[in-house]
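Single-letter residue listing:
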Amino acid sequence: MDVAVIKYNAGNVQSVLYAMERLGANAMLTDDWETIKKSDKVIFPGQGEASTAMKYLKERKLDQLISSLDQPFFGICLGLQLLCEHSEEYDTTCLGVFPIRVKKFPPNEKVPHIGWNNLQQLKSPLLEGLTDSSYVYYVHSYYAEVDPRYTIATSHYMHDFSALLHKDNYYAMQAHPEKSSEVGETILTNFLNL
Amino acid sequence: MLTKRIIPCLDVMNGRTVKGVNFVQLRDAGDPVELGSIYAQEGADELVYLDITATVEKRKTLVDLVTRVAKTVNIPFTVGGGISNVDDVKALLNAGADKISINSAAVKNPKAVDEMAREFGSQCIVVAIDTKNIDGIDFVHTHGGRKPTVLQTREWAKEVTDRGAGEILLTSMDHDGVKNGFANEITADLSSLLAIPIIASGGAGKMEHFKEVFTAGKADAALAASIFHFKEIPIPELKKYLEIEGLSIRK
């Protein structure tokens, strides 16, 4: 199983590569079009800021590549937000795979939302083996709104937000599966088995 | 629902854990990676590795350690100890650390907090504050709590938050090692004052102390070392207890 992990100016990709290694997948960090196109699975990781990331992707035409892929694709954290239509973070137009808007958490509670929170309203084969008492690790200040057409799980912090999204071959998760213990490994394994 | 976090802290020197541990299942009691894995399996929500090596080779041994931990451990971990500049942080994050923690270096050069937060994002910058009460006033201390500063704890915590810290790791030197409970009052003050999570440290001796620091102390996370290393409080039992007491805890 060849997994391409998209290389761009995002932080903490090493943990994703190590998680793939632990699960026995052959993952490589790459921004090469051909390598990404012919890999079995694609992971779009990320930690960082949306507008800088989008600028980087556009300069290398990776935005066009990402929107045109056919194989199972998994966006993580900032990767999920970039797959949406628009982010409030520096008013950024994103990739638009999901027609969903990304907003900033209001300052009613502590922001960023850091720590373990449970998944709710699960509905996808990607989440097989999990329940609404399955916890995942979050670190984020922005969230994707809930859209019943694409949201396959929610979490609650001040209000419900999209924990995971799915449309065609595109999957995305706001939390970090590579840091979410057995629950994260279940999700990554299910993705590799798609 | 967001849960309260339980964080074991491991002291390392030259890539080895230094405080004694008595885990019977450990093949190598000094291996920080193996110990970290066991804590992760037991339900620890995060780990903190505090490096106390004092040699010029320090950064290299720390990067090696971070690489080994990141390869094995499947929960988030923070690394601290002698980190002073953006290059240190970059090397450790690239090796796979989720967060770094700075302490004395922030006091010495507060702008380092701004620089690190701008470069890597607030979410991975933890500012550790060692506090001690002197004649009724809480002062920041550095160098493992040995050196007093003129900074008052609440004001310093506010300043580093404004400079971009993502979390505060607050250790009360008055409570550390005494096992009489956490410093709930100042922890609660900081938690109410600041819009970022507070990790309370120092003073854990009984399971009730964790409940108190999460309720009266309003802490978002609690850190402890020896009571976990010496198995005085096993993490699974602690989490069970806190859940029965009505706290939001990851199962």
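Anything mentioned here points back to the structure above.
All figures in this text were calculated on a predicted structure; none of them were measured in a lab.

Moving on, we come to the pairing of strand β2 (residues 26-30) of chain A. All names here are of chain A. Taken together, the 5 bridges between strand β1 (residues 2-6) and β2 define a ladder with parallel strand orientation. Note on β2: the bridge partner recorded for Ile 6 is Thr 30. Handedness of the β-α-β unit built from β1, helix α1 (residues 14-22) and β2 comes out right-handed.

Let's shift gears to the interface of chain B and chain A. Across the boundary between the two partners, chain B contributes 35 residues, which contact 27 residues of chain A. Around 2500 Å² of area is buried between chain B and chain A when both sides are counted, 51% of it from carbon and sulfur atoms. It is Leu 2, Asn 74 and Gln 123 of chain B in chain B that bury the most area against chain A; as a group they hold 26% of the surface buried on that side. At the junction of chain B and chain A, the tally comes to 2 salt bridges. Residues Lys 179 of chain A and Asp 98 of chain B are paired through a salt bridge, measuring 2.9 Å at the closest nitrogen-oxygen approach. Run the count over chain B and chain A and you get 16 residue pairs in polar contact (both at pLDDT 80 or more). Contributions of two or more residues to the side of chain B that touches chain A are made by α2 (58-72) and α3 (86-94) of chain B. Counting residues per element, the side of chain B that touches chain A draws most heavily on α2 of chain B, which supplies 4 residues.

It is worth spelling out the sheet that holds strand β6 (residues 92-93) of chain A at this point. All names here are of chain A. Read from one edge to the other, the open sheet built from 4 strands follows the order β6-β5-β7-β10, with strand pairing classed as mixed. Bordering the open sheet on either side are β6 and β10 (142-144), each of which pairs with just one other strand. With 2 bridges joining them, strand β5 (residues 86-87) and β6 adopt antiparallel strand pairing. The partner of Ser 87 across the bridge, within β6, is Thr 92.

Turning our attention to the sheet that holds strand β3 (residues 41-44) of chain A. Residue and element names in this part refer to chain A. Taken together, the 7 strands give an open sheet; going across it, the order is β2-β1-β3-β4-β13-β12-β11, and neighbouring strands pair in mixed fashion. Sheet topology places β2 and β11 (151-157) at the edges, where each strand pairs with a single neighbour. Taken over all neighbouring pairs, the strand axes of this sheet differ in orientation by 25° on average, direction set aside. Judged from the 3 bridges that link them, β1 and β3 form a sheet pairing that is parallel. Bridged to Ala 4 within β3 is Val 42. Packed onto the sheet, α1 meets β1, β2, β3 and β4 (73-76) and runs at close to 160° relative to β2.

So, about helix α10 (residues 235-244) of chain B. Residues and elements named next belong to chain B. Taken together, the buried positions of α10 are Ile 235, Leu 238, Lys 239, Tyr 241 and Leu 242. Each buried residue of α10 sits inside an arc of 160° when the element is viewed along its axis, so together they form one side. Looking at the packing, one finds that the buried side of α10 touches β1 (5-13), α1 (32-42), α8 (207-215) and α9 (226-229). Looking one or two residues past α10, Gly 246 carries a phi angle of roughly 90°, positive in sign.

Here the focus is the environment of Tyr 49 of chain B. Residue and element names in this part refer to chain B. Counting through the fold element by element, Tyr 49 comes out in strand β3 (residues 47-51). Separated by 30 residues in sequence, Tyr 49 and Val 79 place their C-alpha atoms 4.8 Å apart. The residues contacting Tyr 49, other than those within four sequence positions of it, are Leu 10, Val 12, Pro 32, Val 33, Gly 36, Leu 65, Val 69, Phe 77, Thr 78, Val 79 and Gly 80.

The next point concerns the packing of aromatic side chains. Evaluation of the coordinates by the stated rule reveals 15 aromatic pairs over all chains. It is Arg 60 of chain A that lies over the ring of Tyr 56 of chain A; its NZ or CZ is 3.5 Å from the centre.

Moving on to the packing of α8 of chain B against α10 of chain B. Residue and element names in this part refer to chain B. With their axes 10 Å apart at the nearest point, α8 and α10 run at an angle of 50° to one another. By the angle between their axes, α8 is oblique relative to α10. Between α8 and α10 the crossing geometry is right-handed. On the side of α8, the interface is formed by Met 207, Glu 208, Phe 210, Lys 211 and Phe 214, while α10 contributes Glu 237, Leu 238, Tyr 241 and Leu 242. Residue composition of the contact of α8 with α10, grouped by class: 6 nonpolar, no polar and 3 charged.

All names here are of chain B. Counting 73 residues, the largest nonpolar core has Leu 47, Ile 100, Ile 168, Phe 210, Phe 214, Phe 228 and Leu 242 as the members making the most contacts within it. The element that contributes the greatest number of residues to this core is α2, accounting for 5 residues. Aside from chain neighbours lying at most four places away, what touches Ile 100 is Thr 78, Val 79, Ile 83, Val 89, Leu 92, Leu 93, Met 116, Cys 124, Ile 125 and Val 126.

To continue, consider the pattern of salt bridges. All names here are of chain B. Tallying each qualifying case throughout the model produces 23 salt bridges over all chains. Glu 167 is the salt-bridge partner of Arg 5, the closest N and O atoms lying 2.9 Å from each other. In this pair, Arg 5 is assigned in strand β1 and Glu 167 in strand β9 (residues 167-172), connecting sequence segments 162 residues apart. Close ionic contact of Glu 243 with Lys 251 constitutes a salt bridge, the shortest N to O distance being 3.8 Å. Residue Glu 243 is classed as partly exposed on the basis of its relative accessible area of 31%.

Residues and elements named next belong to chain B. On the surface, Met 13, Val 18, Leu 50 and Ile 52 cluster together into a nonpolar patch covering about 290 Å² of accessible area. Inspection of the secondary structure assignment puts Met 13 in strand β1. Judged by its relative accessible area of 36%, Met 13 is partly exposed.

Residues and elements named next belong to chain B. On strand β10 (residues 198-201), burial covers both faces: Ile 198 and Ala 200 on one face and Ile 199 and Ser 201 on the other are all buried. Examined bridge by bridge, β9 and β10 share 4 bridges and lie parallel to one another. Pairing of Ile 168 across the sheet is with Ile 198, part of β10. With 3 bridges joining them, β10 and strand β11 (residues 221-224) adopt parallel strand pairing. From the neighbouring strand, Ser 201 faces β11, where its bridge partner is Leu 223. Note that the unit made of β10, α8 and β11 has a crossover that is right-handed.

Here is what the cut-offs are and how they apply
Residues numbered from 1 in each chain as written. Chains lettered and ligands numbered in written order. Predicted model: local features only at pLDDT ≥ 70, side-chain atom pairs only at ≥ 80, totals over all residues. Heavy atoms only, no water. Pairing = 2+ DSSP bridges. Helix = DSSP H or I, 4+ residues; strand = E, 2+ residues; numbered from the N terminus. Right-handed = clockwise from strand over helix to strand, strands pointing away. Contact = heavy atoms within 4.5 Å. Buried area = accessible area lost by both parts, 1.4 Å probe. Salt bridge = Lys/Arg side-chain N within 4 Å of Asp/Glu carboxyl O. Polar contact = N/O pair within 3.5 Å; in protein donor to acceptor, adjacent residues only side chain to side chain. Axes fitted to C-alpha atoms, helices over the stretch in contact; angles between N-to-C directions. Buried < 20%, exposed > 50% of the residue type's maximum accessible area, 1.4 Å probe, protein only. Arc of directions from axis to C-beta. Phe/Tyr/Trp six-rings, centres within 6.5 Å; stacked < 30°, edge-to-face > 60°. Lys NZ or Arg CZ within 6 Å of the ring centre and 35° of its normal. Parallel < 35°, antiparallel > 145°, perpendicular 65-115°, else oblique. Left-handed = near helix turned anticlockwise from the far one by under 90°. Nonpolar A, V, L, I, M, F, W, Y, C, P; charged D, E, K, R; others polar. Core = buried A, V, L, I, M, F, W, Y, C linked by side-chain atoms within 4.5 Å. Patch = residues over 30% accessible without salt bridge, like charges linked within 9 Å, V, L, I, M, F, W, Y side chains within 5 Å. Areas by Shrake-Rupley, 256 points an atom, 1.4 Å probe, with all protein chains shown as cover.

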